[in-house]
Structures are given as structure tokens and as C-alpha cells.
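# Geometric and topological summary
Listed here are the chains, written in short residue letters.
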Amino acid sequence: MPPGIMTLAAEEATLSPANTGFMLICTALVMLMTPALAFFYGGMVRVKSVLNMLMMSFISLGIVTVLWVLYGFGIAFGQDSGGFLGRPGDFAGLSGIGLTELWGTTSIPVYVFAVFQLMFAVITPALISGALADRVKFTAWALFIALWATVVYFPVAHWVWAEGGWLFDLGVIDFAGGTAVHINAGAAALGVILVVGRRIGFKKDPMRPHSLPLVMLGAGLLWFGWFGFNAGSWLNNDDGVGAVAFVNTQVATAAAMLGWLGYEKIRHGSFTTLGAASGAVAGLVAITPACGAVSPLGAIGVGVIAGVLCAMAVGLKYRFGYDDSLDVVGVHLVGGVAGSLLVGLFATGGVQSDAKGLFYGGGLDQLGKQAVGVVSVLLYSFVVSFLLAKVIDVLMGFRVSEDEEVAGVDQAAHAETAYDFGGTGGGVVARAGTGGAASGAGPALGSGSSPSREKVRGEGHGKGRGASRGSDQDADEGPDTNQGKGTGQGKGQGPAPASGSEKRVDA
């Protein structure tokens, strides 16, 4: 949503305590989305990489916050320079701002707008991290965040949302971040993974989610926080537009979840919890640019289309050979593109603006504008992100060593493990004859239902756990139900070897 300058005022704006309080609540909700994303991603990786995945999101809260205060807010929303950048010196250090100084014609203080937009800047690079799970240096990732926020996110936010930004002036509708956040992050993810390369064992070894409950928790918290993300982007609560955005967020997310699950059932024969969580996120992504332009019926259309398209898109990495670990490209890039373009079809002209889509008599004009926004942000982010990753790779190496990747990035980067099995520092003690299951080496337990979007073939082996055979299906063929039968004792969870003494199986 443009920074409040679309709010028309018949007279000079005055500070509204109600709108200010509303926006502070929305800001807190958007902040919650970054830890929620950490849980969502963290549940989808293997045990040996959980902490690293969490930290790749959390570190963005630290780095981007400081950069935003120093110069990021100025680049994104300072006085325009040629349609591409704001002046970095504007708002430097967030100094010289009056306590009650209002943002543009809105009724909220500059400080409130600045911190609300900060939370968008924080979560956007964190979204990229899911594509790089299991294999990158934490120091390289932290440097990438700092550089990427500076030369990609801050300028693109200016293009899309700031008065004078060239896409804003063109009339591109992006209510809350379809281009600036999701296409931006998805295209960047694709650029970086082409530099970093595939994980060891990609398309060969099972790389299933270690904790689907964590995935569902993260998805639920993202859904909750997204109401602040979308409804808050109108910057006030006194003309009904924010309420429509709120309703559309709920409706599209629900429709996308059903669309993903329907595709999953028809194509693969089962409904999975991972599919439900992923479908919900796809809907949230797609409705983000459109929630202030479409009706609730239009939101259903946006959601269903995005849910099905994203469900289909997650298998493309196997066809084209790029290792997008947690499907950032398939969900955020594809979902962002779909939602942004569907504005050109479903915009009613009766919510945030009078711009109408094709289905409401507006012709192809708005669709053309949306396409310009999609293509420009996608290409810019992809090219610059690829170059940044290449420079970092040459200077310091972006990827951990092969031994560190196999052993687990958690130990290599953080000297910790996510789970302390039996209080013994990351291993499992199994006494001879007790049949204790060794876990922690990876998610392939081989018992019960273990859905995954990862393409796996043949036998899945967990280190120290015996072999587990299951009906592992390719992600582009359907979710992995993996009804495993272990070759050792304890169905699919081969016990630690019994030799009359305690044996440790390290995580």
C-alpha cells in the first residue's frame, strides 16, 4: 500500500489516537510474522539444521532494524530522486522527527509509519532463507541480508510505495507487498540458489520435514500476523478499506488452502498437513497485493487460483534442477506473480481506488500495468541478487564445507542442537534390548505418515536408525506418505545396536 498519500483529506490531518493505536497493534502483528516464519521453515528442515533455519530469520530482525534506522527508511520513503530512490539522508537515524509529526496526509505519526514499514523490510529477506536451508554459512548469509536490503529491498519499496516512485506513479496496485515483498524475495531466492548450488543428496536422499506440528504452528501464526500485514497497510481504520482487506485476507487464504488440498487429493490421492499449511501461505501471498482492490468473491478466485498454481509449481525444481529447499520460488514468487496479475482481472474499482480489472469493464489497462510491475521487480531482484551472491561466494565462500553440511549446520555455525535427547547433549542413549529408537540424525523415521514436497526415491536411511523402506513418492508426483516398515526392530525406527552396553547415536 502506498504510504498513506492516497488517503484524501478535506482539511488538515490531525493525529488520531484510534488510528495510531490500531497501527501499533498491526506493527506488532507484522513483527510476529518473522518468528512465525522461522517456525514454519524450521519445522520443514531436518533435525540437524533446525537452529540454523530459525536463526536465518531471527538475524534479519537485528540487521535490517539497524540499517532501516541509519538510512533504509530514507532510501525507501525519503524525497524522491528520479523515481528510483529516496534520499538516504532523509530521516537518517530517525532524528529530527517531532513526536506528533504526521506522515503525509494520514492521522498517524511518522514514527508509527516508519516502524510499521520496518517490519516489512525485516521479513522480506527472511523469506529468502527457506530456499537456502542446510548449506550456507551464517556469516555469508548475514552479509547478504545487509547488502540485499540496501540495494534491492529499500529501492524497490520506493518504486512501489513512495510518492514519486516510478511504479507508484505508473499506477501499479500493490496493496501490501505482492511485488515489493513476495516477488522480490522469490526472485532473489532463485538468483542465490543458482550460485550456491544443490544440497548434497538432492533428488536422491529423503529430506522430509522433521516436525509438521512446528510447520502448522508457524503457518497459523503467519495467518494471524498477516491481518496486520494487510489490513494495516491502509494506515487508518476510518473508511472501511482496511476492513475489506481484512475480510479478503481471510477469504483468499481459506480458498487457497482448499485449492491446494483439492489439487493434492486429485493428483496424488491424499490430503496432507504440509499441503494445508503451504496452501494457506500461498493464499496469503497472493491476496497481499490484491486485498484492497477485489471483492470477497474475487478473493475466492484469487485464493483458489493461487493455491492450485503454487501446488503445481513446487515440483518445477525437479524438472529444472534448481534446489529450492523449502519452495520459496514455488510459493512466494509464483503466488506473488499470480496475485499481482489477478488484480488486473478482479479489481472492482470500488475499494482502494477506481481502477477496474478486465472482468469489471476496465479492459487490459490495469493488467498491463501490473505486468510491468511484476516483470521489472522480478528481473531486477533476480539479477542483483545473483550478482551479490556471486561476489560473496568469491570473497568468503557462501556455502559450508561438505563435512559440515553432512554433519549439520547447527553444530558448525551455532555449536548447538535443537533437541537434547535424554539430556545427553544431542544424542540418544539406547540400552541393549530396550528397543529405544535413535532419532535426531534426520527426519526419515519411516513410520507413519511423513508428507514432504521433497523428491525422494528408493530407500531412506536415517543414520544409526536402520533402513526404512516406504512408498516414497516424488514431490512432483505427490506427497510422500512413506508408510515405512523398518528392516530392524521397531517399525521403521531401527533401534540403536544392542551389545550389552549403552550406545550413543548422535543427532
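Residues numbered from 1 in each chain as written. Predicted model: local features only at pLDDT ≥ 70, side-chain atom pairs only at ≥ 80, totals over all residues. Heavy atoms only, no water.

Before going further, it helps to examine the overall build of the protein chain. Scanning the protein chain from terminus to terminus reveals 15 helices and seven strands. When contacts within the protein chain are restricted to residue pairs at least 6 apart in sequence, long-range pairs at least 24 apart make up 75% of them. (Helix = DSSP H or I, 4+ residues; strand = E, 2+ residues; numbered from the N terminus. Contact = heavy atoms within 4.5 Å.)

Its place among the elements puts T288 in the loop between helix 9 (273-287) and helix 10 (296-313). The class for T288 is buried, based on a relative accessible area of 0%. Of note is the side chain of T288, whose polar atom sits 2.6 Å from the backbone oxygen of L284. Sequence-distant contacts of T288, defined by excluding residues within four places in its chain, comprise F175, A176, G177, G178, H182, W226, F229 and N230. (Buried < 20%, exposed > 50% of the residue type's maximum accessible area, 1.4 Å probe, protein only. Polar contact = N/O pair within 3.5 Å; in protein donor to acceptor, adjacent residues only side chain to side chain.)

Taken together, the side chains of L143, L147, V391, V394, L395 and M396 define a hydrophobic patch exposed on the protein surface, amounting to about 550 Å² of accessible area. Here the element with the most residues in the nonpolar patch is helix 13 (residues 365-396); it accounts for four residues. Counting through the fold element by element, V391 comes out in helix 13. (Patch = residues over 30% accessible without salt bridge, like charges linked within 9 Å, V, L, I, M, F, W, Y side chains within 5 Å. Areas by Shrake-Rupley, 256 points an atom, 1.4 Å probe, with all protein chains shown as cover. Salt bridge = Lys/Arg side-chain N within 4 Å of Asp/Glu carboxyl O.)

Here the focus is the environment of T100. Here T100 shows up in the loop between strand 2 (85-86) and helix 3 (110-128). Look at T100 and you get exposed, because its relative accessible area is 58%. With 85 residues separating them along the chain, T100 and L15 place their C-alpha atoms 7.1 Å apart.

Time to look at helix 3. The end-to-end C-alpha distance of helix 3 is 29 Å, a good match for the 27 Å that 19 residues give at a rise of 1.5 Å each. For helix 3, the buried fraction is high: 17 of the 19 residues fall into the buried class. (Expected span 1.5 Å × (residues − 1).)

On to the pattern of salt bridges, then. Under the defined criterion, the tally for this structure stands at seven salt bridges. Between D134 and R199 there is a salt bridge, with the nearest N and O atoms lying 3.5 Å from each other. Pair noted here: D134 is in the loop between helix 3 and helix 4 (138-161) and R199 is in the loop between helix 6 (178-196) and helix 7 (212-231), with a separation of 65 residues, a long-range link. Exposure remark for D134: the relative accessible area of 4% places this residue in the buried category. Residue class for R199 comes out buried when judged on its relative accessible area of 4%. Two residues, D323 and R199, come together in a salt bridge whose shortest N-O distance is 2.8 Å. Taken as a pair, D323 in the loop between helix 11 (316-320) and helix 12 (328-346) and R199 in the loop between helix 6 and helix 7 lie far apart in primary sequence, 124 residues in all. What makes D323 buried here is its relative accessible area of 2%. One network of salt bridges, in which partners are shared, links R46, D134, R199 and D323.

Relative to the elements of secondary structure, A149 occurs in helix 4. Considering only alpha carbons, one finds A149 and P125, 24 residues apart in sequence, at a separation of 7.2 Å. The contacts of A149, once residues within four sequence positions are left out, are V64, F154 and P155.

At their nearest, the axes of helix 7 and helix 9 sit 9 Å apart, and the two run at 15 degrees to each other. Relative to helix 9, the element helix 7 lies roughly parallel. Crossing geometry of helix 7 relative to helix 9 is assigned as left-handed. Between helix 7 and helix 9, the residues in contact are L212, V215, M216, A219, L222, W223, W226 and N230 and T273, L274, A277, A280, V281, L284, V285 and I287, respectively. Here the contact of helix 7 with helix 9 is composed, by residue class, of 14 nonpolar, two polar and no charged. (Axes fitted to C-alpha atoms, helices over the stretch in contact; angles between N-to-C directions. Parallel < 35°, antiparallel > 145°, perpendicular 65-115°, else oblique. Left-handed = near helix turned anticlockwise from the far one by under 90°. Nonpolar A, V, L, I, M, F, W, Y, C, P; charged D, E, K, R; others polar.)

Where helix 7 contacts helix 8 (residues 241-268), the two axes come as close as 9 Å, and the packing angle between them is 140 degrees. In the packing of helix 7 onto helix 8, the handedness of the crossing is right-handed. Contacts between helix 7 and helix 8 involve W223, W226, F227, N230 and A231 from the former and G242, A245, F246, T249, Q250, T253 and A254 from the latter. For the contact of helix 7 with helix 8, the class distribution of residues is seven nonpolar, five polar and no charged.

Looking now at the confidence of the model for the protein chain. Caution applies to low-pLDDT parts of the model: their predicted coordinates are not meant to be read in detail. Chain-level statistics for the protein chain give a pLDDT mean of 86 and a share of 81% at 70 or above. Throughout residues 1-10 the model reports pLDDT below 50, and contacts reaching past four residues in sequence, or to other chains, amount to 32 contacts. Low pLDDT (under 50) marks residues 425-507, which in the prediction has 206 contacts with non-local residues, meaning those over four places away or in another chain. (pLDDT = per-residue confidence, 0-100.)

Right, let's talk about the packing of aromatic side chains for a bit. Taken as a whole and judged by the stated rule, the model has 28 aromatic pairs. Ring geometry for W141 against F144: centres 5.8 Å apart, planes inclined by 25 degrees, an arrangement best described as stacked. Residue W141 and its partner F144 are both found in helix 4; the two are separated by three residues, about one turn of the helix. The exposure class assigned to W141 is buried, which follows from its relative accessible area of 0%. Grouping aromatic residues by their ring pairs yields a cluster made of W68, Y71, F73, F77, F91, W103, F113, Y153 and F154. (Phe/Tyr/Trp six-rings, centres within 6.5 Å; stacked < 30°, edge-to-face > 60°.)

We now examine unusual backbone geometry. Even without glycine at this site, F91 takes up a positive phi of about 65 degrees. Among the secondary structure elements, F91 is positioned in the loop between strand 2 and helix 3. Backbone geometry at K203 places phi at a positive 70 degrees, although glycine is not the residue there. In this structure, K203 sits in the loop between helix 6 and helix 7.

Along the chain, G178 falls in helix 6. Given the relative accessible area of 0%, G178 is considered buried. Considered as a pair, G178 and I287 are 109 residues apart in the sequence and their alpha carbons are 8.0 Å apart. Filtering out sequence-adjacent residues up to four positions away, G178 remains in contact with I183, T288, P289, G336 and S340.

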